[in-house]
Amino acid sequence: MRRKMIGSAAVVGALVWGGLTAPNTANANPYPLITPSLGTAIVDGVANEWDLAEDFFAPLYRAGKSTHPVEGSVHLRWDAENELLYALVLPNPGQFFIREGGGVGHDDTFIKLGHSNKLIDADAATGFAWIDPSTYGIYDIAYGWEAVVSLEAGFYGNLNIHSQTFADGEDQTAAVENRAIEIYLPPFTPSDDDQDPVTPPPQDDDPVAVPEPVSAGLALLGLGGVILAGTRRRRI
Ligand SMILES: [Ca+2]
């Protein structure tokens, strides 16, 4: 019986200990593999602020099919505080995107949720910029593009990024896999540096003094107790 009680106490102790020391998972990211880099960018058609490896998010496939050739890459940064998603979309090295011409229009270059909720396309007056635009035969071309869109934090299962590229001698659709990939945009959580410091209560440098009369009174009470105890002891 005692062994059992000891065992139970040990289990309870372990639970308490575990509860006190378990990592705090309340703010843990549930989707780390589909979360873009955190940060911002400048949508100006110059991509030198991007880290292509660190910010890589997904490939672009011909016709949006992962069994087809890769035609480019999507790089993303998430500004959680302002709920802005920045994108850098690039063709393969040596290739280019078609801005317009040959049946391709500016509305063929876009970021959508699903097929109909367009967040931005190349016609946008702000929040979109081509990289190194020029011409090639009948085409207006560019070597990539930057864009920024406003999105609420959360999980999306249908991010659709699309551009037209030129490969194997003709224009090709380049899109994320199945034109719908998952992405998680974590909510903004202020870092410790952003929080207001806790102001400690004012401290009085002078030590707290015990008033003299009280101290004297306590001493007299103590002396009285000693005398009383001695008196009782003599009577026994
Ligand atoms: Ca830029």
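Let us look at the structure shown here. (Residues numbered from 1 in each chain as written. Predicted model: local features only at pLDDT ≥ 70, side-chain atom pairs only at ≥ 80, totals over all residues.)

## A short note on the overall build of the chain
So, step 1. Looking only at helices and strands, the chain has two helices and 14 strands in total.
So, step 2. Relative to all contacts within the chain whose residues are 6 or more apart in sequence, the contacts with residues 24 or more apart total 61%. (Helix = DSSP H or I, 4+ residues; strand = E, 2+ residues; numbered from the N terminus. Contact = placed C-beta atoms within 7 Å.)

## Brief notes about unusual backbone geometry
So, step 1. The phi dihedral of D168 falls on the positive side, at around 55°, and the residue is not glycine.
So, step 2. Looking at the element boundaries, D168 is found in the loop between strand 12 (154–167) and strand 13 (170–175).

## Re the nonpolar core
So, step 1. Judged by nonpolar contacts, the single largest core of 42 residues is most densely connected at V74, A87, W145, A147, I161 and V176.
So, step 2. At six residues, the largest contribution of residues to this core is made by strand 4 (residues 84–91).
So, step 3. Apart from residues no more than four positions distant in its own chain, I161 is found in contact with V74, A87, V89, I111, A175 and V176. (Core = buried A, V, L, I, M, F, W, Y, C linked by C-beta atoms within 7 Å. Buried ≥ 20, exposed ≤ 12 C-beta atoms within 10 Å, placed from the backbone.)

## Digging into the environment of V148
So, step 1. Looking at where V148 falls in the secondary structure, it is placed in strand 11 (residues 145–150).
So, step 2. C-alpha separation for the pair V148 and R77, spaced 71 residues apart in sequence, amounts to 9.4 Å.
So, step 3. Once you skip the residues sitting within four places of it in the chain, V148 turns out to touch V43, L84, L85, Y86 and G127.

## Things to note about the environment of F96
So, step 1. Mapped onto the elements, F96 comes out in the loop between strand 4 and strand 5 (97–100).
So, step 2. Linking F96 and F166, residues 70 residues apart in sequence, is a C-alpha distance of 6.2 Å.
So, step 3. Those residues in contact with F96, other than ones at most four positions away along the chain, are P91, Y136, I141, A142, Y143 and F166.

## Details of the pairing of strand 13
So, step 1. Judged from the two bridges that link them, strand 2 (residues 56–62) and strand 13 form a sheet pairing that is antiparallel. Looking at the pairing, Y61 lines up with A175 of strand 13.
So, step 2. Where strand 12 and strand 13 come together, six bridges link them in antiparallel fashion. In the strand pairing of strand 13, T165 is matched with Q172.
So, step 3. Counting the residues in the hairpin turn of strand 12 and strand 13 gives two residues, including D168, whose phi is positive at 55°. (Pairing = 2+ DSSP bridges.)

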